[in-house]
Amino acid sequence: MKKFLLGTVGLVALSLSAPASAADMAARPYTKAPPMVAAMYDWSGFYVGVNGGWGSSRKSWDFVTPAGVFVAGEGSHDATGGTVGGQIGYRWQASQWVFGLEAQGNWADFHGRNTSQFNPIFGNDTRVDAFGLFTGQVGVAFNNALLYVKGGAAVTSDRYRSYAVANNAIVTNNVDDTRWGGVVGVGLEYGFAPNWSFAVEYDHMFMQDKTYTFTNNGVAAAAGTLFGTDRIRQDVDLVTARINYRWGGPVVAKY
């Protein structure tokens, strides 16, 4: 009985001392979580790239006097075909805004023709074989996606001539000319790798009206000398896919 009482007292004393011992233990130190870091795409830097796609040039011919007085409309046609070329530029980014300058040069094969409404024996034939764009850009970046608009100067290399509808024989001299005008466009670009991006772009070129004098090359001598002066109106629509490589910091850390 005495041993049983002593054991009971010992257990009670041990249970009373355990909470005190736990309370005397030092609290575990609190460790602050490290700050979160997010990577943000940076569009700043020089870039170079290639592009390819499709274009259509609307050509409207009017028969006029040598003084430029309208005589009769000859109709219109679309000179269409493929294009491939390259571009080089520089961009700088401020917050979400992206600004840039770009020069683009393309080979083209936009060709078309129509029968003259003024003299249906003959037709008008046109071709655009090259063009260039010199533009400024303003865009809004959504991390590695960039929506931008562009505008500036455009230049085209054109060829104009007439043909006989009956046999498609060219009956005038070739008139080769360089036209200057303006361009506006819009594009969506996506950075799929640290320094690489892919874009789809649409551009509309407003080219100045120009007047040309055509001469008979001798093929249509039997039909008489009909050729004279035409005023030709022109604009161009382009849809291209582009791949760019950019030099510069691809991403920056944002805390």
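Data block above holds the structure.
To start, this report covers the structure provided alongside it. (Residues numbered from 1 in each chain as written. Predicted model: local features only at pLDDT ≥ 70, side-chain atom pairs only at ≥ 80, totals over all residues. Heavy atoms only, no water.)

Quick look at the pattern of salt bridges now. What the rule picks out here adds up to 13 salt bridges. Note that R242 and E201 form a salt bridge whose closest N and O atoms lie 3.5 Å from each other. With R242 in strand β9 (residues 229-246) and E201 in strand β8 (residues 196-213), this residue pair connects regions lying 41 residues apart in the sequence. When sorted by exposure, R242 lands in the same class as E201, which is buried. The network of salt bridges with shared partners includes E102, K150, E201 and R242. (Salt bridge = Lys/Arg side-chain N within 4 Å of Asp/Glu carboxyl O. Helix = DSSP H or I, 4+ residues; strand = E, 2+ residues; numbered from the N terminus. Buried < 20%, exposed > 50% of the residue type's maximum accessible area, 1.4 Å probe, protein only.)

Residue classification places R242 among the buried positions, given a relative accessible area of 0%. Within the structure, R242 has its side chain in polar contact with the side chain of E102 (distance 2.5 Å). Among the polar contacts listed, one links the side chain of R242 to the side chain of E201, at a separation of 3.5 Å. Beyond its immediate stretch of four places on either side in the chain, R242 contacts V50, N51, Q87, E102, Q104, Y148, K150, S197, F198, A199 and E201. (Polar contact = N/O pair within 3.5 Å; in protein donor to acceptor, adjacent residues only side chain to side chain. Contact = heavy atoms within 4.5 Å.)

Now for the environment of F46. Positionally, F46 belongs in strand β2 (residues 45-64). Assessed through its relative accessible area of 54%, F46 is described here as exposed. Along the backbone, F46 and L101 are 55 residues apart, and their C-alpha atoms lie at a distance of 9.7 Å. Setting aside residues no more than four positions away along its own chain, F46 makes contact with G89, Y90, Y245, R246 and W247.

Here β2 runs beside strand β3 (residues 70-94); their pairing, made up of 20 bridges, is antiparallel. Following the sheet pairing, V64 is matched in β3 by F70. Counted along the chain from β2 to the antiparallel partner β3, the turn is five residues long, and its residue G68 has a positive phi close to 90°. With 18 bridges connecting them, β2 and β9 associate as antiparallel partners. Note on β9: the bridge partner recorded for W61 is I232. (Pairing = 2+ DSSP bridges.)

What follows concerns the sheet that holds strand β5 (residues 122-142). Within the closed barrel, the eight strands sit side by side as β2-β3-β4-β5-β6-β7-β8-β9. Their pairing is antiparallel. The average angle at which neighbouring strand axes cross in this sheet is 15°, direction not considered. Here β5 pairs with strand β6 (residues 145-164) via 20 bridges, running antiparallel. Counterpart to D125 in the pairing with β6 is R161. (Axes fitted to C-alpha atoms, helices over the stretch in contact; angles between N-to-C directions.)

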